[in-house]
Amino acid sequence: MSEENSIVNGLHKYELPPLPYKVDGLEPFISKDIVDIHYNAHHKGYVNTANKLIDRMNSIIKEEEKSYDLHGVIRSLTFNINGDKLHTMYWNNMTEQGKGGGKPGGKLADMIDRQYGSFDRFKALFTEAANSNPGTGWAVLNYDAENGNLQIMTVENHFMNHLAEMPVVLIVDEFEHAYYLQYKNKRPDYITAWWNLVNWDDAEKRLGKYLE
Ligand SMILES: [Fe+2]
């Protein structure tokens, strides 16, 4: 374990996980420049800030810091930890150009057909949800192990609208940094392009962890 990921006063620190492809691996659908900045600046920034806030929490725990806004620190820590986790899912939920897209198979395909009638109807609704999500956030397909539902959700920012105990199967980043350099204000064009990159094997693997 590296020093950066060492345990400090009982709290683990975070590490930027490797990209599962090269920075130009998602072209032409998502440009090299976007992936470079998104991964090396934004995602890395969430990891670094989360670690700084963990250090700050340690100072608070050890009573070295006497004056603080605990709610503010925790809120910022939540934003940055979720920023790391959401982006890690997002990167791995896509695959290199030519290897992704199409339709899911296996149990995921069966469950989508059963709940949404067809993959095409599911894709249209997920796209509509993504395109109607205001401001910054994420369009997500969650699995609810309690009743077996696959729930289309839109997470605002990094955590609002997030439901607990519902693991992510499919996820797309809708922050402007995810598309603006290439698609400007045409977010629907980015969503259309993103469908060509979906790594359905990853989505099925994510779901499979929670199926009996
Ligand atoms: Fe992002």
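Coordinates for the structure precede this section.
I will try to describe carefully the structure that is included in this document. (Residues numbered from 1 in each chain as written. Predicted model: local features only at pLDDT ≥ 70, side-chain atom pairs only at ≥ 80, totals over all residues.)

Focus: the pairing of strand β4 (residues 149-156)
Filter applied, for reference: Think of it this way: DSSP has to see at least two bridges between two strands before they count as a pair. Only DSSP runs of H or I covering at least 4 residues are called helices, and only runs of E covering at least 2 are called strands; the numbering of each starts at the N terminus.
In this sheet, β4 lies alongside strand β3 (residues 137-144) in antiparallel orientation, the contact comprising 8 bridges. Its bridge partner lying in β4, N142 is registered against Q151. The hairpin formed by β3 and β4 contains 4 residues between the paired strands, and G148 there has a positive phi angle of roughly 80 degrees.

Examining the sheet that holds strand β5 (residues 168-173)
To summarise the sheet geometry, strands pair through backbone hydrogen bonds and adopt either a parallel or an antiparallel arrangement. What counts is decided by this rule: Helix axes are fitted to C-alpha atoms over the stretch in contact, other axes to C-alpha atoms as well, and angles between N-to-C directions run from 0 to 180 degrees.
The antiparallel open sheet is built from 3 strands, whose spatial order is β4-β3-β5. Pairing within the sheet leaves two strands with one partner each, and these edge strands are β4 and β5. Sheet twist, expressed as the average angle between the axes of neighbouring strands with direction ignored, equals 15 degrees. As paired elements, β3 and β5 share 5 bridges and run antiparallel to each other. Note on β5: the bridge partner recorded for V140 is I171.

A look at the nonpolar core
Spelled out, the test is: To count as a nonpolar core, a set of buried Ala, Val, Leu, Ile, Met, Phe, Trp, Tyr and Cys residues must be joined through C-beta atoms within 7 Å. Counts of 20 or more other C-beta atoms within 10 Å of a residue's own C-beta define buried residues, counts of 12 or fewer define exposed ones, and intermediate counts define partly exposed ones; C-beta atoms are placed from the backbone.
One finds W138, V140, V169, L170, I171, V172 and A203 to be the most contacted residues of the largest nonpolar core, which totals 34 residues. Breaking this core down by element, the ones donating at least two residues are α1 (32-61), α2 (70-92), α3 (106-116), α4 (119-132), β3, β5, α6 (187-194) and α7 (200-208).

Structural notes on α6
Stated precisely, the cut-off is as follows: Here the arc refers to the set of directions running from the helix axis out to each C-beta atom.
Turning to α6, its buried residues number three or more, namely Y190, I191 and W194. On an axial view of α6, the arc spanned by its buried residues comes to 100 degrees, and they lie on one face.

Some remarks on unusual backbone geometry
Cis peptide bonds are those with omega within 30 degrees of zero, and the linkage from E27 to P28 qualifies with 5 degrees. Relative to the assigned elements, P28 resides in the loop between β2 (11-12) and α1. Even without being a glycine, K184 presents a positive backbone phi close to 50 degrees. Tracing the backbone through its elements, the reader meets K184 in the loop between α5 (180-183) and α6.

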